[in-house]
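Structural overview
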There are 2 protein chains.
Amino acid sequence: MDQHKFILSESEMPKAWYNIAADLPFEMPPVLHPGTQQPITPDDLAPLFPMAIIEQEVSTERFIPIPEAVQEIYRIWRPSPLVRAYRLEKAIGTRSKIYFKNESVSPAGSHKPNTAVAQAYYNAKEGVKKLTTETGAGQWGSALALACNFFGLECLVFMVRVSFDGKPYRKSMIESWGARIFASPSKETACGREILARDPECSGSLGIAISEAVEVAVADEKTKYSLGSVLNHVMLHQTVIGEEAQQQMKLAGDYPDIVIGCVGGGSNFAGISFPFIKDKFAGKKLQAIAVEPTACPSLTKGLYAYDYGDTGKLTPLVAMYTLGHNFIPSRIHAGGLRYHGASPLVSRLVKEGFIEARSYQQTEVFQAAVTFARSEGIIPAPETAHAIRATIDEAKKADEEGVSKTILFNFSGHGHFDMSAYDAYFSKRLEDNHFSDTALQKNLAEIADLPKV
Amino acid sequence: MDQHKFILSESEMPKAWYNIAADLPFEMPPVLHPGTQQPITPDDLAPLFPMAIIEQEVSTERFIPIPEAVQEIYRIWRPSPLVRAYRLEKAIGTRSKIYFKNESVSPAGSHKPNTAVAQAYYNAKEGVKKLTTETGAGQWGSALALACNFFGLECLVFMVRVSFDGKPYRKSMIESWGARIFASPSKETACGREILARDPECSGSLGIAISEAVEVAVADEKTKYSLGSVLNHVMLHQTVIGEEAQQQMKLAGDYPDIVIGCVGGGSNFAGISFPFIKDKFAGKKLQAIAVEPTACPSLTKGLYAYDYGDTGKLTPLVAMYTLGHNFIPSRIHAGGLRYHGASPLVSRLVKEGFIEARSYQQTEVFQAAVTFARSEGIIPAPETAHAIRATIDEAKKADEEGVSKTILFNFSGHGHFDMSAYDAYFSKRLEDNHFSDTALQKNLAEIADLPKV
């Protein structure tokens, strides 16, 4: 019988993260101070992040060692399995080969602990006592709660209200690891109170939740902020996924024609794809596909421009694909993909043609989720299901073209805390999104005065 | 750094289940027909089970081959990891070594698919079209839904009402795999309607849910019944856990002094312990500890006697530790342990002194669950937490005695669908149980007229 899972031993786990900044065939635009609009200095970021993280954010070293204490936590679930999805292939009747990297095996249920553990470690090492953060679907908040618990840090999570209400058990999970959690916008911060005054029913957004977490962090010297996606150091920490996948594809005697991941901020996609894009820079043929919801189409409908990372304009200005920092996406179930911007690295790689982007409506995404659950057994998170949708479509396209492709996608997380979304899908209460181009133009007009890339 | 997980390759997965019936140093009492009270024949069981399962129920072959089609499904998550719990050891400050077998990695989140897949396979092979079953906490219902999905069988699940109401997302999970689910007692069956007429607020029990599932199964030739615990063939299928654990303990260069599992019907405990009890029969020193809730103390307060497996008296009479088939345990959160009886094999091994039994209150169990979640990261199911409580206590006892023991417990399932129980614990709404000996005596009096063992 054919082998199903390709497993590495703990001793084969990567000892260093891959830093794509070392190999980019183009210059990245500088990050700008939100006040002066001049390139930021490490000192500007010091109130938010520990120095080790700031150094990683700007590093051009190709490989950055993974500290032993971080590796030790990784070993709870890493190396994660690479799985040949024979049953999915059969279910959709494709001649293509489908592999997925199963990041849902972490205690928090997603890839997010890969960076949460690293960030908690560096903060603890530099004497920080408390971390604040935002969370959309709850995957990131759970991951940071878990990581802070391991390093004895307090943890404060602002969870986008629409997800907080829809996923009560994320709250209990986060509390199980000893963290505190608030629905955002909250009354805990000036920024939250201001938004609630304008719109008491505000369903929240990642942009707002980031503003709240940043506001709390800058107010206290021993408190810092932790971001679960977007920034360079987060992409860096996630490359352990792709590094392992490269070893495992070798075990399988294969190499992907296509690498696929969903994109909210971009970290799980970067994690699996960057080590392969390294090969692409070196001449290897590869298609990298970033998948986002039509309800929040930063990469497919956004503008490549300088913008704030948050709604409250507290973060630096970064050059990225953005829908405008005031853009609030509709209430789709893939809460982790409801971000107005995207990783500067992923954005620029899209702009330069190294990555393709596409978007899907949520009903077609849930259809793919159920196809996967009923063939491979595992119930995917709604975010992950975007990658599955694109994988199925790419396999079918190859069949139509009469070719067989090798497709690798990142199974970024399980859906155990998203079952109300499945309920909505089965009871036909799930609606597709009517994206408003008018609203988009209005939001983009608001960033017209910011510096040009 | 020391190795954390001990992983077997797919090719090292056991090819046969271990049947403890081959090695018992005593005779098992016959199973009796509920009507005639005479030993049952295979024909008596044929309306409920396929012939292959009936044969396994009475087989005395030491090893029974695992069909290739079952192995193929097992490989989705098997072999499961054996983990050295360094962080738990450190958290409780013990000198003992703690290992756990992580059965929570199956798509359904517990050990239950080990038998669900086998049962679905044998039923499908014999032309059955639909399976009915009961579920307490939801772990078993999820597992059978998953398994039926793989073999193209319809699946109907009766879920104990107290769990159905407290765990709405189990329903969605079961539906994700294409099964149908009802809260039990339900209006779907005569038995359910009768109980609801007496007590419209009845919180249900495994005994009632079994009656409902059996009633539906016997009414149609192409429909059969599937039980997730108690019976010999279920214990058999679960031995894949202990067989793997034996190989993995060898990899770790260790052998357990103590093997621990929680007991509702007994299957996860039997699964991990029977292959080790085989060694014990052969003279090896070993302590096997079965852990149950004080709210439903079959092994510690029950009578070893013939009793029905269900409340409706539809099942055969088996010799086991029982609290009486009308016993309805209080509404504790470990729904999977709310069964009035226990596996005849486990019961008899307790009676003969090969297994020890003990019981715990739920607050001390949740305390252990949180200690585990905050040290090892993974959030345990309330059932599993019973085994963790006993593990911690055994380690502390060894410390007090100035010795170091090697303890292996079965991490039978994760708690992702039990977070409302954690919520209750954190908000101090969780109450200990006041077990009524008077009620017990009343229930036991009701079985006084049944045949004696």
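Residues numbered from 1 in each chain as written. Chains lettered and ligands numbered in written order. Predicted model: local features only at pLDDT ≥ 70, side-chain atom pairs only at ≥ 80, totals over all residues. Heavy atoms only, no water.

Turning our attention to the relation of the copies chain B and chain A. Between chain B and chain A, which share one sequence, the superposing operator has a rotation angle of 180° and an axial displacement of 0.0 Å; the RMSD is 0.0 Å. Here the transformation between the copies is reduced to the relation of a two-fold axis. Minimal C-alpha separation from the rotation axis in chain B is found for H416 of chain B, amounting to 3.3 Å. With an isologous cut-off of 70% or more, the 100% of interface residues of chain B that recur at the interface of chain A puts this contact in the isologous class. (Least-squares fit on C-alpha atoms with pLDDT ≥ 70 in both. Contact = heavy atoms within 4.5 Å.)

All names here are of chain B. Close contact between helix α11 (residues 232–251) and helix α12 (residues 267–281) brings their axes to 6 Å; oriented N to C, the two are set at 60°. Overall, the two elements α11 and α12 adopt an arrangement that is oblique. Once α11 is placed against α12, the crossing between them reads as right-handed. Residues V234, M235, Q238, T239, I241, G242, E243, A245, Q246 and M249 of α11 form the contact with α12, whose own contacting residues are S267, A270, G271, I272, F274, P275, F276 and D279. Partitioning the contact of α11 with α12 into residue classes produces ten nonpolar, six polar and two charged. (Axes fitted to C-alpha atoms, helices over the stretch in contact; angles between N-to-C directions. Helix = DSSP H or I, 4+ residues; strand = E, 2+ residues; numbered from the N terminus. Parallel < 35°, antiparallel > 145°, perpendicular 65-115°, else oblique. Left-handed = near helix turned anticlockwise from the far one by under 90°. Nonpolar A, V, L, I, M, F, W, Y, C, P; charged D, E, K, R; others polar.)

Here we come to the confidence of the model for chain A. Averaged over every residue, the pLDDT of chain A is 96; residues scoring 70 or more account for 100%. If you check the scores for this complex, the pTM reads 0.96 and the ipTM reads 0.95. (pLDDT = per-residue confidence, 0-100.)

This paragraph deals with the packing of aromatic side chains. For the structure shown, the criterion picks out 41 aromatic pairs over all chains. With centroids separated by 5.4 Å and ring planes inclined at 65°, the aromatic side chains of Y169 of chain A and Y169 of chain B adopt a geometry described as edge-to-face. Residue Y169 of chain A is located in helix α8 (residues 168–176), and its partner Y169 of chain B is located in helix α8 (residues 168–176); the two belong to separate chains. Residue Y169 of chain A is classed as buried on the basis of its relative accessible area of 12%. Each ring, one from Y255 of chain B and one from F276 of chain B, has its centre 5.6 Å from the other, and the planes form 70°; the classification is edge-to-face. Taken as a pair, Y255 of chain B in the loop between α11 and β10 (258–262) and F276 of chain B in helix α12 lie far apart in primary sequence, 21 residues in all. By relative accessible area, F276 of chain B is classed as buried at 1%. One cation-aromatic arrangement involves R87 of chain B over F150 of chain A; the distance from NZ or CZ to the ring centre is 5.9 Å. Directly above the aromatic system of Y255 of chain B lies the positively charged group of K284 of chain B, at a separation of 4.1 Å from the ring centroid. (Phe/Tyr/Trp six-rings, centres within 6.5 Å; stacked < 30°, edge-to-face > 60°. Buried < 20%, exposed > 50% of the residue type's maximum accessible area, 1.4 Å probe, protein only. Lys NZ or Arg CZ within 6 Å of the ring centre and 35° of its normal.)

All names here are of chain A. Domain boundaries assigned for chain A yield domain 1 (79–109 + 234–445) and domain 2 (125–227). Computed over C-alpha atoms only, the centres of domain 1 and domain 2 are separated by 24 Å. The interface of domain 1 with domain 2 comprises 24 residues on the first partner and 27 residues on the second. With both sides pooled, the region where domain 1 packs onto domain 2 buries about 1,900 Å², and carbon together with sulfur makes up 62% of that total. Considering only the surface of domain 1 that becomes buried against domain 2, A108, R338 and F417 emerge as the three largest contributors, covering 31% of it. Salt-bridge contacts for K167 lead to D418; the nearest nitrogen and oxygen are separated by 2.4 Å. Counting across the interface, domain 1 meets domain 2 through six residue pairs in polar contact (both at pLDDT 80 or more). Class assignment for the residues of the side of domain 1 that touches domain 2 results in eight nonpolar, eleven polar and five charged. (Domains from an automatic or database assignment. Buried area = accessible area lost by both parts, 1.4 Å probe. Salt bridge = Lys/Arg side-chain N within 4 Å of Asp/Glu carboxyl O. Polar contact = N/O pair within 3.5 Å; in protein donor to acceptor, adjacent residues only side chain to side chain.)

Turning our eyes to something else, we now look at the interface of chain B and chain A. Each partner contributes residues to the interface: chain B has 46 residues there, and chain A has 46 residues. Taken together, chain B and chain A are joined by two salt bridges. Among the salt bridges present, the one from E10 of chain B reaches K5 of chain A, with a minimum N-O distance of 3.3 Å. At the boundary of chain B with chain A, the tally comes to 23 residue pairs in polar contact (both at pLDDT 80 or more). Of all elements in the fold, only α3 (68–74), α6 (139–151), α8, α15 (362–376) and α17 (419–426) of chain B reach the threshold of two or more residues within the side of chain B that touches chain A. The element best represented in the side of chain B that touches chain A is α8 of chain B, accounting for seven residues. Counted by class, the side of chain B that touches chain A contains 21 nonpolar, twelve polar and 13 charged residues.

Attention now moves to helix α9 (residues 190–198) of chain B. Residues and elements named next belong to chain B. Among all positions in α9, only C191, G192, I195 and L196 are buried. An end-on view of α9 places all buried positions within 130° of arc, on one side of the element. Every exposed residue of α9 that faces more than 90 degrees away from the buried side is listed here: E194, A197 and R198. Those residues of α9 that are buried lie in contact with α10 (206–218). (Arc of directions from axis to C-beta.)

All names here are of chain A. The element strand β12 (residues 303–308) is largely enclosed, with a buried count of five among its six residues. Note that β12 and strand β13 (residues 317–322) share six bridges and pair antiparallel. Along β13, the bridge assignment pairs A305 with M320. (Pairing = 2+ DSSP bridges.)

In this section: helix α14 (residues 344–351) of chain B. Residues and elements named next belong to chain B. Judged by how many residues are buried, α14 sits mostly within the fold: seven of eight residues are covered. Listing the buried residues of α14 in full gives P344, L345, V346, S347, R348, L349 and V350. Packing partners of the buried residues in α14 comprise α11, α12, α13 (298–301), β12 (303–308) and β13 (317–322). Measuring from the backbone nitrogen of L345 back to the side-chain oxygen at the start of α14 gives 3.2 Å, which picks out S343 as the cap. A positive backbone phi angle near 90° is found at G353, which sits one or two residues after α14.

Quick look at the pattern of salt bridges now. Residue and element names in this part refer to chain A. For the structure shown, the criterion picks out 32 salt bridges over all chains. Two residues, D254 and K97, come together in a salt bridge whose shortest N-O distance is 3.0 Å. Of this pair, D254 sits in the loop between α11 (232–251) and β10 (258–262) while K97 sits in strand β5 (residues 97–102); the two residues are 157 residues apart in sequence, bridging distant segments of the chain. One salt bridge connects K301 with D437, and the closest N-O pair in it is separated by 3.6 Å.

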